[in-house]
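Analysis of the macromolecular model
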Amino acid sequence: MDNHTILEALSTFLPKSLIKVNEPLKKYTFTKTGGKADFYLSPTSHIEVQKIIEFAYNNQIPLTFLGNGSNIIIRDGGIRGIVISLLQFNEITVNNQTITCGSGAAIIDVSRRARDHHLTGLEFACGIPGSVGGAVYMNAGAYGGEVKDCIDHIKAVDDTGRLHVIKGEDLELDYRTSVVQRKHLVVLEATFILKDGDINSIQATMDDLTQRREDKQPLEYPSCGSVFQRPPNHFAGKLIQDADLQGHRIGGVEVSTKHAGFIVNVDNGTATDYENIIKHVQNVVKEKFDIELKREVRIIGEQLED
């Protein structure tokens, strides 16, 4: 099926305002890198998402989902087929101790809404830049807390468009992993159960965590967040620092001099620069310490053709 036929078919069940053709994806990533998507869709309902998935599945069209692009690198050749943005699913609803939110909502905003309703349990997320869907996908965590601690259930779709409701205990959440990853599910909605708390205490904790984050992390540059998983009994940033890699640059991308666990875009870097410097860091750390650094950041898309 050629792109013109795909566009005509999509237009039969999606408003044209939700369809973008040859859309530059660097507009949607925290690294400010990435090539174009053949089709970039912004559905506004679960039914629209299911229809897109069914259409792509039945016609063997590649399908990629994007949240807010905070912990991902999209290659310079872009993404073929259909990219679905979930950012329209950003509603947040509070009911007593329960918060239900769309997968495109920022987890920071959810933590703030919890605070405003005197609910404790999501303070750890006040500095995590990802979306709710991404946070569930990788069991995001910081400063001793993680999604696993407070998730009740999610609504997700599989690669045929079937809707599933999955309880928290069945998500198999562990360090930066989940059943969502392993079964290639897509989160549409998540529900958290929190506890009543004192708003002043909650705010104090969030202020402290925010200050610690601002003191340590290179927030002044585009980046993909924490690049590597924490190796057993080690810290990735410390290993990279001890390998004298801080400040090492390839193209416009360098290992942060403020926090070695971050790789920042300092001068119009490309996704290829990111991939090359990540591989270099992995190779040097392996050579010096015989420790393999596993990526936390996802890398997707096509290499740029010469």
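Rules used in this analysis
- Residues numbered from 1 in each chain as written.
- Predicted model: local features only at pLDDT ≥ 70, side-chain atom pairs only at ≥ 80, totals over all residues.
- Heavy atoms only, no water.
- UniProt positions renumbered as here; feature names shortened; annotations may be inferred.
- Helix = DSSP H or I, 4+ residues; strand = E, 2+ residues; numbered from the N terminus.
- Rg over C-alpha atoms; globule rule 2.2 N^0.38 Å.
- Buried < 20%, exposed > 50% of the residue type's maximum accessible area, 1.4 Å probe, protein only.
- Contact = heavy atoms within 4.5 Å.
- Areas by Shrake-Rupley, 256 points an atom, 1.4 Å probe, with all protein chains shown as cover.
- Lys, Arg positive; Asp, Glu negative; His and termini not counted.
- Charge placed at Lys NZ, Arg CZ, Asp CG, Glu CD.
- Pairing = 2+ DSSP bridges.
- Axes fitted to C-alpha atoms, helices over the stretch in contact; angles between N-to-C directions.
- Parallel < 35°, antiparallel > 145°, perpendicular 65-115°, else oblique.
- Nonpolar A, V, L, I, M, F, W, Y, C, P; charged D, E, K, R; others polar.

The name an unreviewed UniProt entry gives the chain is UDP-N-acetylenolpyruvoylglucosamine reductase, with Mammaliicoccus fleurettii as the organism. What UniProt states about the chain under its Subcellular location (unreviewed entry) heading is, verbatim, "Cytoplasm". UniProt lists a comment for the chain under the heading Cofactor (unreviewed entry), and it reads "FAD".

Helix and strand content of the chain: eight helices and 19 strands. Relative to a compact globule of 306 residues, whose C-alpha radius of gyration would be 19 Å, the chain shows 20 Å and is just as compact. Counting all 306 residues of the chain, 50% fall into the buried class. Across the chain, every contact between residues at least 6 apart in sequence was considered, and the portion connecting residues at least 24 apart equals 64%. Carbon and sulfur atoms make up 45% of the accessible area of the chain, which totals about 14,800 Å². Within the chain, the 41 negative side-chain charges are centred at a point lying 0 Å from the centre of the 33 positive side-chain charges.

Ordered by their spatial adjacency, four strands build an open sheet running β1-β2-β5-β3, and the pairing between neighbours is mixed. Since the sheet does not close on itself, it has two edges, and those belong to β1 (19–24) and β3 (63–66), each with one partner. Each strand axis lies, on average, 35 degrees off the axis of its neighbour in the sheet, ignoring direction. Across four bridges, β3 lies against strand β5 (residues 79–85) in parallel orientation. Bridging from a neighbouring strand, T64 pairs with V83 of β5. Against the sheet, helix α2 (residues 46–58) makes contact with β2 (36–41), β3 and β5, and its axis sits at roughly 150 degrees relative to β3, the strand it touches most.

At a minimum axis separation of 9 Å, helix α3 (residues 107–116) and helix α6 (residues 199–216) run at an interaxial angle of 155 degrees. The orientation of α3 relative to α6 falls into the category roughly antiparallel. Of the residues in α6, those touching α3 at S111, R112, R115 and D116 are I199, I202, Q203 and M206. When the residues that make up the contact of α3 with α6 are grouped by side-chain class, the tally is three nonpolar, two polar and three charged.

In this model, Y143 sits at a positive phi of 50 degrees, which is unusual for a non-glycine residue. The topology assignment puts Y143 in the loop between β9 (141–142) and β10 (145–146). Even without glycine at this site, E172 takes up a positive phi of about 50 degrees. Summarising the element assignment, E172 is placed in the loop between β12 (163–167) and α5 (179–182).

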